[in-house]
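Structural overview for review
The lines below spell out each chain.
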Amino acid sequence: MLTNIMYVTLYVTDQERALRFYTDQLGLEKRVDYPGPDGRFLTIGVPGSPLEIILWPHAAAAGQLAELQPGTTPGPVFLESDDLRADFEVLRERGVTFDQPEPEDYGYGVRIEAVDPDGNRISLRQRAAWQSRGDG
């Protein structure tokens, strides 16, 4: 039986630049950095979470930069915050680019979209107080 989501992949054109963004700016941690025969295998993750994000090298022509327009499709990765408005201030000071000037309230909590140097959208969310974090 399947037991866990092991990895998700984000395509990046420059692994070192992406690593700096995700660690220095977003505050994630580097997990695996292996110079394998097929290229560098590089993963990051949220401290304390078992899920890892692979920063996979991909040519720039493979995708287009994300348009920073509120209300568009969210990013492929959702990162959760206990206090998104406070984290937003810290991340903005670190140079993270957002699609709106401030996080917004919505039916399930608070949200805002960030974008990495390759145009990958990163959805940042804070659950509403009424939401349970149980397994359902």
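Heads up: the structure comes first, above all this text.
Here's what I pulled together on the structure shown here. Just so it is clear, the structure is predicted and the values come from calculations on it, not from any experiment.

This paragraph deals with the overall build of the protein. If you tally the helices and strands in the protein, you get two helices and nine strands. What you see in the protein, going N to C, is helices and strands ordered as β-α-β-β-β-β-α-β-β-β-β. For the protein, buried positions account for 36% of its 136 residues. In the protein, of all internal contacts separated by at least 6 residues, the share reaching a separation of at least 24 is 52%. Accessible surface for the protein amounts to roughly 8500 Å². Of this, 52% is attributable to carbon and sulfur atoms.

What follows is about helix H2 (residues 84-93). Taken as a whole, H2 has its buried residues at Leu-84, Phe-88 and Leu-91. Down the axis of H2, the buried set is contained in an arc of 70°. They therefore lie on one face. At its buried positions, H2 is contacted by helix H1 (15-25), strand E6 (97-98), strand E8 (109-115) and strand E9 (121-127).

With that settled, the discussion passes to the nonpolar core. Grouped together as the largest cluster of nonpolar side chains are 24 residues, with contacts concentrated most on Tyr-22, Leu-26, Leu-55, Phe-98, Ile-122 and Leu-124. Going through the elements one at a time, strand E1 (7-12), H1, strand E3 (39-45), strand E4 (52-57), strand E5 (77-80), H2, E8 and E9 are the ones with two or more residues in this core. When residues in this core are grouped by element, the largest group, four residues, is from H1. In this structure Ile-122 touches Leu-10, Tyr-22, Leu-26, Gly-75, Val-77, Leu-79, Ile-112, Glu-113 and Ala-114, once residues within four positions along its chain are discounted.

This model, assessed by the stated rule, comprises 13 salt bridges. Among the ionic pairs, Lys-30 bridges to Asp-33, the shortest N-O distance being 3.4 Å. On the accessibility criterion, Lys-30 (46% relative accessible area) is partly exposed. With a relative accessible area of 34%, Asp-33 lands in the partly exposed category. One salt bridge connects Glu-89 with Arg-92, and the closest N-O pair in it is separated by 2.6 Å. Within this pair, Glu-89 and its partner Arg-92 are both found in helix H2, separated by three residues, close to a single helical turn. Among the residues examined, Glu-89 registers a relative accessible area of 29% and is labelled partly exposed. Residues joined by salt bridges that share partners form a network here, namely Glu-16, Lys-30, Asp-33 and Arg-40.

Of the pairings in the sheet, the one linking strand E2 (residues 29-36) to E3 comprises seven bridges and is antiparallel in character. Among the inter-strand pairings, Tyr-34 is bridged to a residue of E3, identified as Phe-41.

What follows deals with the pairing of E3. As consecutive antiparallel partners, E2 and E3 are separated by two residues. For E3 and E4, the ladder comprises two bridges, and the chain directions are antiparallel. Looking at E4, one finds that Thr-43 is bridged to Ile-54. The loop that links E3 with its antiparallel partner E4 comprises six residues; one of these, Gly-48, has a positive phi angle of about 85°.

Right, let's talk about the sheet that holds E2 for a bit. In space, the four strands of this open sheet follow the order E1-E4-E3-E2, with mixed pairing throughout. Among the strands making up the open sheet, the edge pair consists of E1 and E2. On average, each strand axis in the sheet is tilted by 25° relative to the strand beside it, whichever way the strands run. As defined by bridge partners, E1 adjoins E4 across six bridges and the pair is classed as parallel. Bridged to Val-12 within E4 is Pro-57.

Scoring rules and cut-offs
- Residues numbered from 1 in each chain as written.
- Predicted model: local features only at pLDDT ≥ 70, side-chain atom pairs only at ≥ 80, totals over all residues.
- Heavy atoms only, no water.
- Helix = DSSP H or I, 4+ residues; strand = E, 2+ residues; numbered from the N terminus.
- Buried < 20%, exposed > 50% of the residue type's maximum accessible area, 1.4 Å probe, protein only.
- Contact = heavy atoms within 4.5 Å.
- Areas by Shrake-Rupley, 256 points an atom, 1.4 Å probe, with all protein chains shown as cover.
- Arc of directions from axis to C-beta.
- Core = buried A, V, L, I, M, F, W, Y, C linked by side-chain atoms within 4.5 Å.
- Salt bridge = Lys/Arg side-chain N within 4 Å of Asp/Glu carboxyl O.
- Pairing = 2+ DSSP bridges.
- Axes fitted to C-alpha atoms, helices over the stretch in contact; angles between N-to-C directions.

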